Each structure stands twice: as C-alpha cells, then as structure tokens.
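One letter stands for each residue in the lines below.
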Amino acid sequence: MSLKAIHVSEVPSLDHFPDNPSLCSSRFKIKAGSFKIPTFLVLGHRGHGMNMLQSPDPRFSALKENSILSFNAASKLPLDFIEFDVQVTRDGCPVIFHDDFIYSEEQGVVYEKRITELSLSEFMSYGPQRETDKRGKPLLRKSKEGKILKWSVQGDDPLCTLQETFEKVDPKLGFNVELKLDDNLLYTSDHLSRLVLPILQVVSDFGKDRPIIFSSFHPDAALLVRKLQSTYPVFFLTNGGTEMYYDVRRNSLEEAIKVCVEGGLEGIVSEVKGVFRNPAIVKKIKESKLSLMTYGKLNNVPEAVYMQHLMGIEGVIVDHVEEMTEAVREMMKPSTRDADDTNKPKPNFSERELSFLLKLIPELIQH
C-alpha cells in the first residue's frame with residue numbers, strides 16, 4: 001500500500017541539529033548538497049550478517065543479527081559500515097529490530113506483537129537478558145513461508161537500543177541507519193514525525209564523529225529525514241522493480257532517481273538484481289549526481305561484486321562479511337598479472353567484454 005503523502009513543511013524541526021554542517025568524519029563531506037563516496041564501500045548487513053534460520057549455511061545463524069555482539073564482531077573486520085534497522089517503541093525509544101512484529105510463546109500458544117506498540121521495557125523482555133538472574137520471554141521468528149521458528153543462533157545476545165549501539169560499538173565504524181516502517185500501514189505526517197524525531201535526537205546526542213548514512217524504503221520517511229537535518233546523507237532504498245508496490249515511487253530505479261533529485265537525497269540503495277536487469281541505469285544515476293549502492297543475495301558472490309565495481313557502483317551490503325571484505329580487499333589491490341603464480345590475478349575485462357557481460361547478465365537473472 002502507498003504511504004500517505006506528508007507535508008514536510010508542517011513537521012517540526014530538530015533544534016539540536018546544526019543547520020549546514022559537513023559530515024564529521026573526514027571520510028565524507030557534503031558540500032552544496034552534493035555527496036560522493038570516495039571509495040568502494042562494504043557494509044555488513046544487520047551487522048555481521050542477517051539470520052536465515054532455515055538456511056543450511058551456518059554463516060546465517062552464527063551471530064544474532066542487529067545485536068551489539070554482531071556489530072562488534074563486524075567492527076573487527078576491514079569494514080566501512082554496518083547497516084541496521086531502527087524502529088521506535090510506543091514510549092518513544094529507538095530500538096534495533098528488523099521485523100514489524102515480535103513473536104513469542106506462552107503456555108504453548110504463539111502470539112505476535114507489533115514492535116511500535118510495545119514499551120521499551122516490554123521490547124527488552126524478549127530473548128536473552130543482560131542481567132544474569134533474569135530470564136527473557138522466548139524469542140521466535142516467522143519465516144517468509146509463514147513458519148514459526150525458534151530464533152536459535154550460535155552466538156546469542158540481548159536486544160538493544162539505538163543509544164546502546166552508539167555507546168558500545170567502535171566509534172570508527174560507520175552506521176547505515178535504516179528507518180524501518182511497515183509496508184502495509186499508512187502513515188500520517190504526525191505519526192511519521194513521531195517515529196523519525198526520536199531517531200534523529202539519538203543520532204544528534206550520540207553520533208559524535210561517527211560516519212552515518214540514513215536510508216529508508218519509504219520515500220516520505222527519507223524525504224522527512226532530509227528536511228529535518230542536513231548533517232548526514234540520506235539514501236532511498238528500493239527493490240529496483242523486482243517487487244511491485246501501490247506507491248509507484250518504489251517500483252523502478254527511474255522513479256527512485258526522481259525521488260532523490262526532487263527531494264535532495266544523496267543516493268540510492270537498490271536490490272542488486274534491479275541494477276543487473278537494467279545496467280544502463282547506472283549511467284543515468286551518475287548523470288543525476290547520485291551515489292549508488294546495492295543489497296541482495298548476489299552480493300555474497302565475489303564475481304557479482306567485482307562486476308559492480310567495474311560498473312561504477314560505489315558500495316555493497318553483504319551478509320558473508322568476512323569473506324566479502326577479504327574479496328573486496330583483493331579486488332582493490334594493484335594488478336597481480338606479473339606477480340608469481342601463487343597470487344590469483346583478478347579478472348581483467350576489456351571494454352568489449354564488459355559490454356557483452358552487461359548485455360548478458362539481465363538475461364541470466366530474469367528468473
């Protein structure tokens with residue numbers, strides 16, 4: 001369903017944000033509304049990678065996603081940013097959690113509760129507890145197929161707030177703060193501002209010198225964040241046409257460009273298949289002076305990531321963080337063509353070969 005259009009001029013501003021500062025980190029600068037990623041970025045999805053409880057791959061259940069444990073594990077790698085999902089509890093506290101609903105069980109009966117309808121104390125009562133003498137409520141998860149699964153991971157950790165994340169994670173690690181909203185809800189301007197303002201306040205109070213990017217799949221949320229602050233870049237998240245929504249702004253990369261250009265956003269984060277199916281869009285995005293990053297399962301394949309680097313895409317969100325950071329580090333090294341045989345030379349495509357591959361890839365991934 002579409003989001004209700006909001007009139008951002010009616011939304012109160014956040015007083016504590018400076019009017020026209022540059023990004024605190026020397027890594028990024030915003031000047032005259034422009035933004036440029038200076039190197040090819042790798043971002044850890046939900047920290048050290050998301051949890052897929054039904055996957056036979058143990059990497060998807062190694063560490064609890066969106067947790068301090070996962071974030072700190074990622075911080076030990078040659079990683080630029082982590083990405084995580086922020087929602088706001090009923091009593092106005094930003095917390096880190098991906099799903100719209102939390103699932104648990106009481107006396108054999110499974111129940112669900114919407115994250116934004118819980119108080120902070122209720123939210124923190126699920127799963128493992130920081131106090132050793134306390135036992136949390138069972139934490140379950142609903143799969144895309146509708147199965148209710150025990151949220152079992154090798155390295156478990158309590159749920160956390162946005163403030164804790166700023167306080168307990170290496171300050172040099174960049175944060176991609178995704179504002180998570182429910183695709184099936186309509187948001188009034190007042191409701192949307194109540195969800196956005198507490199997040200901006202925590203970032204203002206605890207961001208310090210940390211590199212930060214905001215992002216959201218909901219165009220009005222992204223536009224509101226841009227309206228309320230100019231300190232940090234804002235990216236529009238999109239499936240790039242791989243899924244359809246009632247809100248047409250979410251249905252193609254062409255529409256995403258319009259949203260960003262008209263709203264003064266700095267870039268797009270697209271499902272990688274949306275870009276591979278329409279590789280010519282990369283040039284259009286560049287001509288619009290926007291940055292482009294991607295997410296998706298293909299970003300766990302080194303060859304797919306290298307192809308994106310050649311195409312001019314500026315960053316990838318990945319789940320297999322250790323493997324992909326190492327792969328990208330190898331990609332960025334000088335050519336090893338003349339090195340000894342113990343080193344693997346990286347692919348070296350001519351312009352003609354690259355053109356052929358860009359024509360071939362859309363056909364390969366249509367299904």
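These figures come from a predicted structure and were not determined experimentally.

S.K.: Any details on the pattern of salt bridges? Residues and values, ideally.
M.R.: Across all of its chains, the model carries 19 salt bridges by this definition. Asp156 is paired through a salt bridge with Lys64; the nearest N and O atoms lie 2.8 Å apart. Of this pair, Asp156 sits in the loop between strand E9 (148-150) and strand E10 (160-161) while Lys64 sits in the loop between strand E3 (41-45) and helix H1 (68-75); the two residues are 92 residues apart in sequence, bridging distant segments of the chain. The salt bridge involving Arg226 is made with Glu266; its shortest N-O contact spans 2.6 Å. Linking Arg226 in helix H5 (residues 219-228) with Glu266 in the loop between helix H6 (253-263) and strand E14 (267-271), this pair joins segments that are 40 residues apart in sequence.

S.K.: So what's going on with the packing of helix H9 (residues 302-311) against helix H10 (residues 321-332)? Residues and values would help.
M.R.: For the pair H9 and H10, the least separation of the axes is 10 Å and the interaxial angle reads 45°. If you check the angle between H9 and H10, you find them oblique. In this structure, H9 crosses over H10, and the sense of that crossing is right-handed. Across the interface between the two elements, Pro302, Val305, Tyr306 and His309 of H9 pack against Met324, Ala327, Val328, Met331 and Met332 of H10. Classifying every residue of the contact of H9 with H10 by side-chain character gives eight nonpolar, one polar and no charged.

S.K.: Explain the environment of Glu322 to me, and be specific about the residues and the numbers.
M.R.: In this structure, Glu322 sits in helix H10. With 249 residues separating them in the primary sequence, Glu322 and Ala73 have C-alpha atoms 9.8 Å apart. Within polar-contact distance, the side chain of Glu322 engages the side chain of His48 at 3.4 Å.

S.K.: Let's hear about the packing of helix H4 (residues 189-206) against H5: which residues, and what values?
M.R.: When two helices pack together, their arrangement is given by the angle between the helix axes and the distance between those axes. Between H4 and H5, the least distance of the axes is 10 Å, while the angle of their chain directions is 50°. Between H4 and H5, the angle is such that the two are oblique. Considering how the two elements wind past one another, H4 and H5 form a crossing that is right-handed. The residues of H5 that touch H4, namely those facing Leu192, Ser193, Val196, Leu197 and Leu200, are Asp220, Ala221, Leu224, Val225 and Leu228.

S.K.: Explain the pairing of strand E16 (residues 315-318) to me, and be specific about the residues and the numbers.
M.R.: Here is the key point about a regular strand: its side chains alternate between the two faces of the sheet. Here E16 shows no split at all, with Gly315 and Ile317 on one side and Val316 and Val318 on the other all buried. Sheet topology note: the E3/E16 ladder contains four bridges and is parallel. Bridging from a neighbouring strand, Gly44 pairs with Val318 of E16. Summarising the sheet, strand E15 (residues 291-295) and E16 pair through two bridges and their orientation is parallel. Paired with Thr294 across the bridge in E16 is Val316. In this view, the connection linking E15 to its parallel neighbour E16 by way of H9 has right-handed handedness.

S.K.: Could you give me a rundown of the side chain of Asp157, with the residues and numbers involved?
M.R.: Tracing the backbone shows Asp157 in the loop between E9 and E10. Buried and unpaired, Asp157 has Arg130 as its nearest opposite-charge partner, separated by 4.3 Å. At a separation of 3.5 Å, a polar atom in the side chain of Asp157 contacts the main-chain amide nitrogen of Ile68. Reaching out from Asp157, the side chain makes a polar contact with the backbone nitrogen of Leu69 at a distance of 3.0 Å. In contact with Asp157, other than residues within four places in its own chain, are Lys64, Ser67, Ile68, Leu69, Pro128 and Arg130.

S.K.: Account for the packing of aromatic side chains, with residues named and values stated.
M.R.: Counted under the stated rule, the structure contains seven aromatic pairs. Each ring, one from Phe71 and one from Phe84, has its centre 5.3 Å from the other, and the planes form 40°; the classification is tilted. Here Phe71 is found in helix H1, whereas its partner Phe84 is found in strand E4 (residues 81-88), with 13 residues between them in sequence. Just as Phe71 is buried, Phe84 falls in that class too.

S.K.: Give me the nonpolar core: which residues, what numbers.
M.R.: Residues Phe84, Leu162, Phe214 and Ile268 are the most contacted members of the largest nonpolar core, which totals 68 residues. When residues in this core are grouped by element, the largest group, eight residues, is from H4. Setting aside residues up to four positions removed in sequence, Ile268 forms contacts with Phe235, Phe236, Thr238, Leu253, Ala256, Ile257, Cys260, Ile285, Leu290, Ser291, Leu292 and Met293. Among the nonpolar cores identified, the runner-up in size contains 13 residues, and Cys93, Ile102, Tyr111 and Val153 belong to it.

S.K.: Could you give an account of H6, naming the residues involved and the relevant values?
M.R.: Residues of H6 that are buried: Leu253, Ala256, Ile257, Val259 and Cys260. Down the axis of H6, the sector holding all buried residues measures 160°, keeping them to one side. Where H6 is buried, its residues contact H5, strand E13 (234-238), E14, helix H7 (272-276) and helix H8 (281-287). Taken from the residues just after H6, Gly264 is the one with a positive phi, measuring 70°.

Rules used in this analysis
Residues numbered from 1 in each chain as written. Predicted model: local features only at pLDDT ≥ 70, side-chain atom pairs only at ≥ 80, totals over all residues. Heavy atoms only, no water. Salt bridge = Lys/Arg side-chain N within 4 Å of Asp/Glu carboxyl O. Helix = DSSP H or I, 4+ residues; strand = E, 2+ residues; numbered from the N terminus. Axes fitted to C-alpha atoms, helices over the stretch in contact; angles between N-to-C directions. Parallel < 35°, antiparallel > 145°, perpendicular 65-115°, else oblique. Left-handed = near helix turned anticlockwise from the far one by under 90°. Contact = heavy atoms within 4.5 Å. Nonpolar A, V, L, I, M, F, W, Y, C, P; charged D, E, K, R; others polar. Polar contact = N/O pair within 3.5 Å; in protein donor to acceptor, adjacent residues only side chain to side chain. Buried < 20%, exposed > 50% of the residue type's maximum accessible area, 1.4 Å probe, protein only. Pairing = 2+ DSSP bridges. Right-handed = clockwise from strand over helix to strand, strands pointing away. Lys, Arg positive; Asp, Glu negative; His and termini not counted. Phe/Tyr/Trp six-rings, centres within 6.5 Å; stacked < 30°, edge-to-face > 60°. Core = buried A, V, L, I, M, F, W, Y, C linked by side-chain atoms within 4.5 Å. Arc of directions from axis to C-beta.

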